[in-house]
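# Inside the fold
As a plain string of letters, each chain reads:
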Amino acid sequence: MSALPPALGQAFRIAAAELGMAAAARLFVDEVAAGGGAEAIAALRDRLGREYPVLDLAAARWLAGEAPPAIDPGPVIAALAGIERLVAVGLEVHHLDALLPRVPAIEVGLVTEGRALSPEWRRVLANYDGQVEAVGLSDFQLWAGPRAALLTFVYGGDSHVVHVSGQWLRVSGPDVRLIFRSLIGWDVVGGALHVYPRWFAEVARSSFTEVIG
C-alpha cells in the first residue's frame with residue numbers, strides 16, 4: 001500500500017457504524033498493516049487518530065508490537081448468572097458474537113435508537129438469527145425486573161471514570177438502576193485512550209454494578 005485511500009475516513013465511519021468502534025479499529029489496523037506495514041499504520045494514526053480515538057489506540061498498540069486485547073466473554077457470563085433478560089446498549093459485534101452463543105437461554109434486546117452512528121439495524125439484527133430483538137428508548141424499561149440487566153461497552157478510563165457511548169446516557173439513570181438488577185460495563189479496549197475521547201461520554205465507574213475488563 002503506497003498511500004492511504006483518500007476516502008479511508010468515510011470508510012472507517014461506515015464500518016464503525018456497522019461493527020462498533022473497537023471492531024472497526026481492529027479490522028482497519030489489520031488490513032492497513034497487511035498492505036503497508038508500520039509506515040502505513042503510522043499514516044493511518046496521523047490521519048484518523050484524533051477523530052477516532054479507539055482507532056488511534058489500536059494503531060499505537062500495533063506499532064508498539066502489542067497484540068489486541070483478547071475477547072473473553074467468561075466474566076460477563078458470570079456477571080449474568082440468574083439473568084433472564086439482557087438489554088445491550090451500544091454495538092460491538094465481535095464482543096456480541098463471542099457472548100451471545102454462550103447465553104442462549106437469555107432473552108436479548110438491543111437498543112436501536114439514540115446512537116451517534118446508526119447502521120442499517122435490520123441487517124445487524126439479521127446476523128443474530130432472531131436471538132436479538134430491537135428495543136426502543138421508549139420501551140426498554142419494559143425489559144426491567146429482578147432478573148434483568150443492562151449491558152454497555154466501555155472504552156477505557158481510570159479508577160474513577162469510564163468512557164461510554166452517548167447512547168448510554170439516554171438509557172441509564174438513578175431510576176433505571178432501581179429497576180434492573182445489574183448495570184454492566186464491558187471494557188472493549190482494555191486501557192486508557194491516548195487522545196481526547198471523541199464520540200464518548202464520561203461517567204462514574206461507580207454508576208455500574210460491575211465494570212469488566
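Note that this is a predicted model, so its numbers are computed, not measured. (Residues numbered from 1 in each chain as written. Predicted model: local features only at pLDDT ≥ 70, side-chain atom pairs only at ≥ 80, totals over all residues. Heavy atoms only, no water.)

### Comments concerning the packing of aromatic side chains
Rule in force here: In summary, the pairing rule links any two rings of Phe, Tyr or Trp, Trp by its six-membered ring, whose centres are within 6.5 Å, and it sorts them by plane angle into stacked for under 30 degrees, edge-to-face for over 60 and tilted for everything else. Elements are defined by DSSP. Helices are runs of H or I of four residues or more, strands are runs of E of two residues or more, and each kind is numbered from the N terminus. Each residue is assigned to one of three classes by its accessible area relative to the maximum for its type, calculated with a 1.4 Å probe on protein chains only: buried under 20%, partly exposed between the two thresholds, exposed over 50%.
Applying the stated criterion across every chain, the model contains 7 aromatic pairs. Summarising the aromatic geometry, the rings of Tyr155 and Phe200 are spaced 4.4 Å apart at their centres and angled 15 degrees between planes, so their arrangement reads as stacked. Of this pair, Tyr155 sits in strand β4 (residues 145-157) while Phe200 sits in strand β7 (residues 200-204); the two residues are 45 residues apart in sequence, bridging distant segments of the chain. The same class applies to Tyr155 and to Phe200, which are both buried. Ring geometry for Trp168 against Phe208: centres 5.3 Å apart, planes inclined by 15 degrees, an arrangement best described as stacked. Here Trp168, found in helix α7 (residues 166-171), pairs with Phe208, found in the loop between β7 and β8 (210-212); they are 40 residues apart in sequence, far enough to count as distant. Here the two residues Trp168 and Phe208 agree in accessibility, since each one is buried. Connected via pairs of aromatic rings, a cluster forms that spans Phe12, Phe28, Tyr52 and Trp199.

### Points about unusual backbone geometry
One non-glycine residue with positive phi stands out, namely Asp129, at about 50 degrees. Residue position: Asp129 is located in the loop between α6 (121-126) and β3 (132-135). You will see that Trp199, though not glycine, has its phi angle at about 85 degrees, which is positive. On the basis of relative accessibility, which here comes to 21%, the residue Trp199 falls in the partly exposed class.

### A short note on the domain arrangement of the protein chain
To be explicit about the condition: An automatic or database domain assignment is the source of the domain bounds shown. Any two residues whose heavy atoms approach within 4.5 Å at even a single point are treated as in contact. Note on terms: buried area is the combined drop in 1.4 Å-probe accessible area of two parts once they are placed together, counting the loss on both. By convention in these notes, a salt bridge is any Lys or Arg side-chain nitrogen within 4 Å of a carboxyl oxygen on Asp or Glu. Between N or O atoms, a polar contact is any pair within 3.5 Å; within protein, one atom must be a potential hydrogen donor and the other a potential acceptor, and residues adjacent in sequence are included only when both atoms are from side chains. For this classification, the nonpolar set comprises Ala, Val, Leu, Ile, Met, Phe, Trp, Tyr, Cys and Pro, the charged set comprises Asp, Glu, Lys and Arg, and every other residue, Gly included, is treated as polar.
What the domain assignment lists for the protein chain is domain 1 (8-63) and domain 2 (74-212). Taken over C-alpha atoms, the centre of domain 1 sits 23 Å from the centre of domain 2. Taken together, the contact between domain 1 and domain 2 spans 21 residues of the former and 25 residues of the latter. A combined buried area of about 1,800 Å² lies between domain 1 and domain 2, and 61% of that area is made up of carbon and sulfur atoms. Joining domain 1 to domain 2, the criterion identifies 2 salt bridges. Among the ionic pairs, Arg123 bridges to Glu18, the shortest N-O distance being 2.9 Å. Linking domain 1 to domain 2 there are 12 residue pairs in polar contact (both at pLDDT 80 or more). Elements supplying a minimum of two residues to the side of domain 1 that touches domain 2: α1 (8-19), α2 (21-48) and α3 (53-63). Here the residues of the side of domain 1 that touches domain 2 are counted per class, giving 11 nonpolar, 2 polar and 8 charged.

### So, the environment of Val29
Tracing the backbone through its elements, the reader meets Val29 in helix α2. On the basis of relative accessibility, which here comes to 4%, the residue Val29 falls in the buried class. Sequence separation of Val29 and Val195 is 166 residues, and the distance between their C-alpha atoms is 17 Å.

### A short note on the pattern of salt bridges
Under the counting rule described, the total for this entry stands at 6 salt bridges. Note that Glu84 is salt-bridged to Arg147, the shortest N-O span being 3.9 Å. Taken together, the positions of Glu84 in the loop between α4 (74-79) and β1 (85-89) and Arg147 in strand β4 put the pair 63 residues apart, joining distant regions of the chain.

### What about α1?
Counting along an α-helix, one turn takes 3.6 residues, and residues three or four places apart therefore face a common direction. Basically, it comes down to this: One less than the number of residues in a helix, times 1.5 Å, gives the span that helix is expected to have.
Its 12 residues place the ends of α1 16 Å apart at the C-alpha level, agreeing with the 16 Å of an ideal helix rising 1.5 Å per residue. Residues of α1 that are buried include every one of Leu8, Gly9, Phe12, Ala15, Ala16 and Ala17, and no others. On its buried face, α1 is in contact with α2 and α3. A positive backbone phi angle near 110 degrees is found at Gly20, which sits one or two residues after α1.

### Notes on the environment of Ala105
Along the polypeptide, Ala105 turns up in the loop between α5 (93-99) and β2 (107-111). Exposure remark for Ala105: the relative accessible area of 74% places this residue in the exposed category. A C-alpha to C-alpha distance of 22 Å links Ala105 and Gly136, two positions 31 residues apart in sequence.

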